[in-house]
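# Architecture and fold: a report
If you want the building blocks of each chain, they are given just below.
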Amino acid sequence: MRRVVITGMGVYCALGRDVNEFREGLRTGRSGITTFSPGEISDLRFTQGGEVKDFNPTDHMPAKEADMVDRFAQFAIVAAAEAVRNSGVELTPELKDNAAIVTGSCVGGQSTENQGFWDVYRMGRNRVHPMTIPKTMANAGASGISLRFGITGPSFTIATACASSAHAIGQAFTMVKSGMTDFAITGGSEAPFSYGLLKAWEAMRVVTPTLCRPFSKDRNGMSLGEGAAMMTIETLEHALARGARPIAEIVGFGMSADAHHITQPSAEGAAKAVTMALKQAGIGPEQIGYVNAHGTGTAVNDVTETRALKLALGDHAYKVAISSSKAMHGHTLGAAGAIESMAAVLAMTGGFIPPTINYNTPDPDCDLDYTPNAARALEFEYAISNSFAFGGLNAVLAFRRI
Amino acid sequence: MPEEMIPDNPTPESAAAPAPAEAVDALAERVLQIIADTQRKSRSLISIDSSFEELGIDSMDGVNIVFALENEFNINVPDDEVKNIRNVRDMVEGVRKLVDDAAPSARPSSPAPSSESDAPAAS
């Protein structure tokens, strides 16, 4: 049986601009949520999010490469470059021919699209920028990584809203496990901070005007975030043959559809994905040491996810350490599955549980151990990362310490 | 993606010899500066006699330059014209013709939009 291991990781988000900064952010419970940079917008009901401040793409790539892609794809390239560098892999012609790229993104280059629509509708212009189409496409992150590294193997992008990059990692895992490829770069990226999209989120009334407080009784919504996380994954045999040091093993991937409601989650659907991930991993609920929850901080998600964990894990739901790192880096939509998988892996390899920050008051309907406000030390062997998308599409990844 | 949109291998900056200092009129200077800005090249590398091939400008780059020129000069460049332009001089003369053609008629009341973004940045 082919075992699939993570050998390199890269991240760029409000909680950390590389893996080391991100790990320390998780460990210290730092908040990456800040007031939006000054702009002309004053009519939004929320003013804070997990924005990456002072990102200058030309610090990371040639100006012409940066010009060709939207901010979300620039994040993808930056994170992939860190992952490849940390993996120590030599991208030989044979490996570039075989390697896969699977990315997730929910809204793609919508800032570019928003700019074009602004020019046409608001400014009354009769033309938009010629690169609007290729900068908007959700696969621009995968394409940017392919162009950067000259990778010509199977490459594509998955869009399942807030589960996009969890499905992407799961798909890449499945492709490596099946023998389709020996090596993949996978993860997700998102850059959702533009006026039009923020107005759409405002209209849904799920974004907090204050702070995101997952599982706390006084929670009143999510904070949005942006960024990317990418990892290199390969077979254990391939990694060892090239002298790489595996970081962690991906052992399970579960996915399901709620068939319940376009936005309201279902505990049964979420639980089914958790159970499927554990089944593939060949482990029981009691072996899970940490759950990185979807934990958006909305009224409905957190209570439904709590019920789902009880359904899937039974009594162990009351014992396992759970947290939502979203209060620290924001809900990064299509990048969430990747950023939070990385949080789970870093917690597992670092022997700690990241906290759920901003937690105030216990909720009788959310009565599990959410690691409120302070990280704690804990050695454990298995972690899972939950991602539950609008549209009722769920993805859960299971990781094992090496 | 149409074949003509596949980017060529860009010419390395070092391969393009610095253009000799040459007097060009104000309109041509604006065009050359826009080519430099959009292509992220030094203005000194771009001459009125440069071909796009020498400058490593592919067809998508050309479309991007035309977009910037349209905004700068408040003109509309027809698709057919875009396809035929393969060097800097043709581009300058094409712009000059469109600007001259537009001159006798009443200009739109709004000033030429700049290529600067004036949409509010939400972030």
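Since the model is a prediction, treat every value here as computed from it, not as a measurement. (Residues numbered from 1 in each chain as written. Chains lettered and ligands numbered in written order. Predicted model: local features only at pLDDT ≥ 70, side-chain atom pairs only at ≥ 80, totals over all residues. Heavy atoms only, no water.)

## Side note on the overall build of chain B
For clarity, the cut-off: Put simply, DSSP H or I for four residues or longer makes a helix, DSSP E for two residues or longer makes a strand, and each gets a number counted from the N terminus. The buried label goes to any residue with under 20% of its type's maximum accessible area, the exposed label to any with over 50%, and the partly exposed label to all in between, with areas taken from a 1.4 Å probe on protein chains only. Note on contacts: a residue pair is in contact if any heavy atoms of the two residues lie within 4.5 Å.
When you go through chain B residue by residue, the secondary structure sums to 5 helices and 0 strands. Secondary structure elements of chain B occur, N-terminal to C-terminal, as α-α-α-α-α. In chain B, which comprises 123 residues, the share counted as buried stands at 36%. For chain B, contacts bridging at least 24 residues in sequence account for 71% of all contacts bridging at least 6.

## Section: a nonpolar patch on the surface
Residue and element names in this part refer to chain A. The criterion, for reference: Patches were defined on residues exceeding 30% relative accessible area and lacking a salt bridge, with like-charge contacts within 9 Å and nonpolar side-chain contacts (Val, Leu, Ile, Met, Phe, Trp, Tyr) within 5 Å. Computed by Shrake-Rupley with a 1.4 Å probe, the accessible areas treat only the displayed protein chains as cover when residues are assessed. Just to be clear on terms, a salt bridge is a Lys or Arg side-chain nitrogen sitting within 4 Å of an Asp or Glu carboxyl oxygen.
On the surface, F117, V120, Y121 and V128 cluster together to form a nonpolar patch covering roughly 390 Å² of accessible area. With respect to the helices and strands, the residue Y121 is situated in helix α5 (residues 110-122). For Y121, a relative accessible area of 68% puts it in the exposed group.

## Some words on the pattern of salt bridges
Residues and elements named next belong to chain A. Applying the stated rule across the entire model yields 29 salt bridges over all chains. A salt bridge links R71 to E226; the shortest N-O distance between them is 2.6 Å. Here R71 is found in helix α3 (residues 71-87), whereas its partner E226 is found in the loop between α9 (195-204) and β7 (227-235), with 155 residues between them in sequence. Judged by its relative accessible area of 22%, R71 falls in the partly exposed class. In this structure, E381 engages R400 in a salt bridge whose closest nitrogen and oxygen atoms are separated by 3.2 Å. One end of the pair, E381, is in the loop between β12 (376-377) and β13 (382-389); the other, R400, is in strand β14 (residues 393-401), and 19 residues separate them in sequence. Through salt bridges with shared partners, a single ionic network connects R3, E249, E381 and R400.

## What to know about the packing of helix α8 (residues 164-178) of chain A against helix α14 (residues 336-350) of chain A
All names here are of chain A. Heads up, the condition is: What counts as an axis is a line fitted to C-alpha atoms, over the stretch in contact for a helix, and the angles between N-to-C directions run from 0 to 180 degrees. Each angle is binned into one of four classes, with values under 35 degrees roughly parallel, values over 145 roughly antiparallel, values of 65 to 115 roughly perpendicular, and all other values oblique. Each residue gets one label: Ala, Val, Leu, Ile, Met, Phe, Trp, Tyr, Cys and Pro are nonpolar, Asp, Glu, Lys and Arg are charged, and the others, such as Gly, are polar.
At a closest axis distance of 5 Å, the pairing of α8 and α14 adopts a crossing angle of 70°. One element, α8, and the other, α14, form an angle in the roughly perpendicular class. Where α8 abuts α14, its residues S165, A166 and I169 lie against A336, G337, A338 and S341. Its residues assigned to classes, the contact of α8 with α14 comprises 4 nonpolar, 3 polar and no charged.

## Some details on the pairing of β14 of chain A
Residue and element names in this part refer to chain A. The following threshold applies: Two strands make a pair as long as DSSP finds a minimum of two bridges between them.
Pairing analysis gives 9 bridges linking strand β8 (residues 248-257) to β14, with the strands arranged antiparallel. Opposite G252, over in β14, you have A398 as the bridge partner. Bridge count between β13 and β14: 8 bridges; the pairing is antiparallel. Of the residues in β14, the one forming a bridge with A383 is F399. Between the antiparallel neighbours β13 and β14 lie 3 residues, among them G391 with a positive phi of about 90°.

## Details of unusual backbone geometry
Residue and element names in this part refer to chain A. In this structure, A161 is a non-glycine residue whose phi angle is positive, near 45°. Topologically, A161 is positioned in the loop between β5 (155-158) and α8. Within the chain, R205 stands out as a residue other than glycine whose phi angle is a positive 60°.

## Topic: the side chain of T296 of chain A
All names here are of chain A. Counting through the fold element by element, T296 comes out in the loop between β9 (288-292) and α12 (299-313). The exposure class of T296 is buried, given its relative accessible area of 5%. Dropping the residues within four chain positions of it, T296 is found in contact with C212, G221, M222, N301, D302, K326 and H331.

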